[in-house]
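# Observations on the three-dimensional arrangement
Letter by letter, the chains look like this.
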Amino acid sequence: MPTCVALVPARAGSRRIPAKNIRRLGGHPLIAYTLNAARESGVFAAIVVSTESPEIAAVATHYGGEVPKV
């Protein structure tokens, strides 16, 4: 049984590509691929997304990430 926790940092402010974590790539937001890879690895007991953006938090939650309430 996995005991490690994955921490996925997802800042909202990007200088080069605004809102890159929720931009669609191949039909899914970019962060969805990160969350799926972490889940499929079978290594993590939890996948926690750290963000200050309510939009990123909503997308991350939809795709199975846990977003702590501040």
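Placed above this text is the structure.
To keep things clear, this report deals only with the structure shown in the data block.

### Here we look at the overall build of the chain
Within the chain one finds two helices and four strands. Reading the chain from its N terminus to its C terminus gives the helix and strand order β-β-β-α-β-α. Taking 11 Å as the expected radius of gyration for a compact globule of 70 residues, we find that the chain reaches 12 Å, a close match to that expectation. Expressed as lengths along the three principal axes of its C-alpha atoms, the size of the chain is roughly 40 × 30 × 20 Å. Within the span of the chain, comprising 70 residues, buried residues form 31% of the whole.

### With respect to a positive patch on the surface
On the surface, R11, R15, R16 and K20 cluster together into a patch of positive charge. Relative to the assigned elements, R15 resides in the loop between β1 (4-9) and β2 (24-25). Residue classification places R15 among the exposed residues on the basis of a relative accessible area of 86%.

### Let's talk about the nonpolar core
Across soluble globular proteins, nonpolar side chains have a tendency to be buried as a group. The biggest cluster of nonpolar side chains holds 13 residues, and the ones touching the most others in it are V8, I31, L35, I47 and V49. Elements represented by at least two residues in this core include exactly β1, α1 (30-41), β4 (44-50) and α2 (54-62). Take this core: its biggest share by element is four residues, from α1. With residues up to four places along the chain from it excluded, the contact list for I31 reads V8, A10, N21, V49, I56, V59 and A60.

### Points about the side chain of S53
When you line up the elements, S53 lands in the loop between β4 and α2. A distance of 3.2 Å separates the side chain of S53 from the backbone nitrogen of I56, its partner in a polar contact.

### Quick look at unusual backbone geometry
Look at A19: it is not a glycine, yet its phi comes out positive at around 55°. With respect to the element layout, A19 can be found in the loop between β1 and β2.

### Some points on a nonpolar patch on the surface
Taken together, the side chains of L25, L30 and Y33 define a hydrophobic patch exposed on the protein surface, amounting to about 270 Å² of accessible area. For Y33, the position within the fold is in helix α1. Judged by relative accessible area, Y33 falls into the partly exposed class, the value being 37%.

Calculation notes
- Residues numbered from 1 in each chain as written.
- Predicted model: local features only at pLDDT ≥ 70, side-chain atom pairs only at ≥ 80, totals over all residues.
- Heavy atoms only, no water.
- Helix = DSSP H or I, 4+ residues; strand = E, 2+ residues; numbered from the N terminus.
- Rg over C-alpha atoms; globule rule 2.2 N^0.38 Å.
- Buried < 20%, exposed > 50% of the residue type's maximum accessible area, 1.4 Å probe, protein only.
- Patch = residues over 30% accessible without salt bridge, like charges linked within 9 Å, V, L, I, M, F, W, Y side chains within 5 Å.
- Areas by Shrake-Rupley, 256 points an atom, 1.4 Å probe, with all protein chains shown as cover.
- Salt bridge = Lys/Arg side-chain N within 4 Å of Asp/Glu carboxyl O.
- Lys, Arg positive; Asp, Glu negative; His and termini not counted.
- Charge placed at Lys NZ, Arg CZ, Asp CG, Glu CD.
- Core = buried A, V, L, I, M, F, W, Y, C linked by side-chain atoms within 4.5 Å.
- Contact = heavy atoms within 4.5 Å.
- Polar contact = N/O pair within 3.5 Å; in protein donor to acceptor, adjacent residues only side chain to side chain.

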